[in-house]
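So you can see what is in the structure, the chains are spelled out below.
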Amino acid sequence: MAHEILTVAQMYSVDRAAMQAGIPGSLLMERAGMAVAREAIILCGGRPRPVVILCGPGNNGGDGFVAARHLSAAGWRVRVGLLGDRVALRGDAAWAAECWTGCVDVASPDLLSGAGLVIDAMFGAGLNRPLEGQALALVQAMAQPGLPVLAVDVPSGIHGDNGVVLGAAPVADVTVSFFRPKPAHYLYPARGHVGRLVIADIGIPDTVLASIGPTIQTNDPTLWRAQFPRPAVTGHKYQRGHALILGGTVMTGAARLSARAALRLGAGLVTLACEPAAQLVYSLSMPSLIVQPITDAGGFSELLADPRRNAVLLGPGAGTGALLREAVLASLRAGKAGVLDADFFSSFAGALSTLRQAGLNDRWVLTPHEGEFARLFGPLTGSRLDRARHAAAESGAVVLLKGPDTVIAHPDGRVRVNHNAPPDLAIAGSGDVLSGLILALLAQGMDPFDAASTGAWLHGAAGQYCGRGLIAEDLPEAVPAVLKQNNL
Ligand SMILES: NC(=O)C1=CN([C@@H]2O[C@H](COP(=O)(O)OP(=O)(O)OC[C@H]3O[C@@H](n4cnc5c(N)ncnc54)[C@H](O)[C@@H]3O)[C@@H](O)[C@H]2O)[C@@H](O)CC1
Ligand SMILES: Nc1ncnc2c1ncn2[C@@H]1O[C@H](COP(=O)(O)OP(=O)(O)O)[C@@H](O)[C@H]1O
Ligand SMILES: [K+]
């Protein structure tokens, strides 16, 4: 399965490379339009419906003309509405319009009356400014209850790279795109407009990717299955890593959830360090958890001194006092791997250079939600993808920016977008479980970028497994079933 996501500029390079390899643009358009017609037939259960195809002035419109020809040949009643002037069509789009021998109307909302399906071929990857005028009116007219929409490439009005809606965009039932998806197919708010995504093969050979060098991927087990830690037949617990967590005194639930997740995902040992006042809470919570009372950061450093404690989690429920601050700096200086989460972001607001000086590097995974992200990195602009990538480069660490479209960025520029998380995960404590999952994988020696990707995916899969009504406590308990289900 292909995982590459291509930016709009990369997609144009792919088109050029395919043409240089001897595949004419008109052939790509023919196959693209055929794929659109095929998906329209599937969407309608094989029963012809009156279809309106709204064609724009570029190649997206060209795909629409090709689809019109194929649907008409299949016996469908097709009306084509063109946005703009037919004589202004250029290149392959002009060719596709010429091949369509039916009538071409001026695209207007009236055309949609009586339609059983609308194909949105107005704008695709080439949209460069917000929709206005007639295009905007057409998008608004598509929002009729009961009128299915099939979008070509992207729903018109969506920016292919950043997932932003430029003015307005229809909410499609199906979006048919070509060769590889674009960032907007996975990033919100655009993803909420895409519906079922179909990536059609239009005969572009995968070899063209060699010269493009894609850096964005969709997150999926095939990317990290081979690296997923499994216990050795003759192994012992110390070979499965020893995770260390700093637990707070007031919000003790957070670190308990992280610890539970780390134990469930196979860390050999999990030690939780806390102030004596909280010792009993942690000790009584899980018999398999090792609880170590400490009175200050010196006590935490003593725990770090044992090289078997190889992965550290700092932040969940830890408070914003000196203990967390000093424990973070000591862990960075000790050269451990780890996860920095939750209260860490408040404790080090705007203090990136301090962290870098202490040794923050790509052995560490930062797991902010949007609010925490802004605290450490400031108000960056751009898509979630751009911002996570920028933050990873700035910090030198792996950055996992949480949300319905969690983005995982490595400082070397690689990015993965996670897409299996159900909204049921938006509950208190769910992030603490995520950081515990990643911690367990780091303790077992997994590469941090893969550990973050795996953790995000397992978190989403556990959310799906539990379904409606889940609470954060359920997520670690779902881990064994999710591992079994996915043969991990
Ligand atoms: N490999 C691929 O991805 C292939 C892509 N094809 C199609 O080619 C499309 C890209 O073609 P284009 O680059 O021509 O892009 P579009 O078809 O999106 O059209 C861009 C045109 O619309 C104008 N425009 C942009 N924003 C506007 C706005 N807000 N209001 C009014 N006019 C606006 C631009 O000035 C330009 O003339 C893809 O979306 C896809 O449908 C296929 O034909 C074949 C292969
Ligand atoms: N709408 C959503 N759909 C899917 N996942 C979501 C959504 N909103 C939040 N999440 C996920 O839920 C988790 C919430 O984490 P976080 O905000 O840190 O909560 P807490 O601090 O209470 O543990 C993250 O993994 C995030 O990606
Ligand atoms: K479109």
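Details of the structure are given in the entry above.
Here we summarise the structure given alongside this text. On a predicted model such as this, the values are computed, not experimentally measured, just so you know.

Parameters at a glance
- Residues numbered from 1 in each chain as written.
- Chains lettered and ligands numbered in written order.
- Predicted model: local features only at pLDDT ≥ 70, side-chain atom pairs only at ≥ 80, totals over all residues.
- Heavy atoms only, no water.
- Salt bridge = Lys/Arg side-chain N within 4 Å of Asp/Glu carboxyl O.
- Helix = DSSP H or I, 4+ residues; strand = E, 2+ residues; numbered from the N terminus.
- Buried < 20%, exposed > 50% of the residue type's maximum accessible area, 1.4 Å probe, protein only.
- Near = heavy atom within 4 Å.
- Polar contact = N/O pair within 3.5 Å; in protein donor to acceptor, adjacent residues only side chain to side chain.
- Areas by Shrake-Rupley, 256 points an atom, 1.4 Å probe, with all protein chains shown as cover.
- Nonpolar A, V, L, I, M, F, W, Y, C, P; charged D, E, K, R; others polar.
- Donors = N, O, S within 2.8 Å, 3.2 Å for Na, K, Ca; no water.
- Tetrahedral: all angles 85-135°; square planar, octahedral: opposite > 155°, others 65-115°.
- Pairing = 2+ DSSP bridges.
- Arc of directions from axis to C-beta.
- Contact = heavy atoms within 4.5 Å.
- Right-handed = clockwise from strand over helix to strand, strands pointing away.

With respect to the pattern of salt bridges
Here the structure, examined in full by the defined rule, presents 16 salt bridges. Across the pair R416 and D450 runs a salt bridge whose closest N-O atoms are separated by 2.8 Å. Taken together, the residues R416 in strand β18 (residues 415–417) and D450 in helix α18 (residues 448–466) connect sequence positions 34 residues apart. Accessibility assignment for this pair places R416 and D450 in one class, buried. Connected through salt bridges with shared partners, the residues E370, R384, R387 and D405 form a single ionic network.

Structural notes on the site of ligand 2
Close to ligand 2 lie 18 residues; K402, G403, L425, G429 and G431 are nearest. Within the backbone of G403, a nitrogen or oxygen atom sits 3.0 Å from an oxygen atom of ligand 2. In this structure, D432 approaches ligand 2 through a main-chain N or O atom, which is 3.1 Å from an oxygen atom. Within the complex, the protein chains bury 78% of what would otherwise be the 580 Å² of accessible surface of ligand 2. Top contributing element to the shell around ligand 2 by residue count: helix α17 (residues 430–443), with four residues. Residues belonging to the shell around ligand 2 are distributed by class as follows: nine nonpolar, seven polar and two charged.

A look at the coordination of the potassium ion (ligand 3)
Looking at the potassium ion (ligand 3), the protein donor atoms are N60 (OD1), D120 (O), F123 (O), V152 (O), V154 (O) and S156 (OG), and they sit 2.6 to 3.1 Å from it. Given six donor atoms and angles of 67 to 172 degrees at the metal, the environment of the potassium ion (ligand 3) is assigned as irregular. On the primary sequence, the residues serving as donors to the potassium ion (ligand 3) are separated as N-x59-D-x2-F-x28-V-x1-V-x1-S. Pair noted here: N60 is in helix α3 (residues 59–73) and V152 is in strand β6 (residues 149–152), with a separation of 92 residues, a long-range link. The class of V152 is buried, set by a relative accessible area of 0%.

With respect to the sheet that holds strand β12 (residues 290–293)
The strand order across the open sheet built from eleven strands is β1-β9-β18-β17-β16-β15-β14-β13-β10-β11-β12, with neighbouring strands paired in mixed fashion. Across the chains shown, the open sheet's two edge strands, defined by having one partner strand only, are β1 (4–5) and β12. As judged from the three bridges shared by strand β17 (residues 407–409) and β18, these two strands associate in the antiparallel manner. For I408, the partnering residue across the bridge sits in β18 and is R416.

Observations concerning helix α11 (residues 297–304)
Turning to α11, its buried residues number three or more, namely A297, G299, F300, L303 and L304. Buried residues of α11, seen end-on, are gathered within an arc of 155 degrees and therefore sit on one face of the element. Those residues of α11 that are buried are in contact with β10 (242–246), β11 (269–274), β12, β13 (309–314) and α12 (322–333). Sitting at the amino-terminal end of α11 is D296, which places a side-chain oxygen 3.1 Å from the backbone nitrogen of G298.

Observations concerning the pairing of strand β2 (residues 51–55)
Among the five residues that make up β2, five are buried, leaving the element largely enclosed by the rest of the structure. In β2, alternate side chains face the same way, and those of V51, I53 and C55 on one face and V52 and L54 on the other are all buried. Across five bridges, the pairing between β2 and strand β3 (residues 78–82) is parallel. Across the sheet, V51 pairs through a bridge with V78, a residue of β3. Note that the unit made of β2, α3 and β3 has a crossover that is right-handed. Sheet topology places β2 next to strand β5 (residues 117–121); five bridges connect them, and they run parallel. Residue pairing across strands places C55 opposite A121, the latter belonging to β5.

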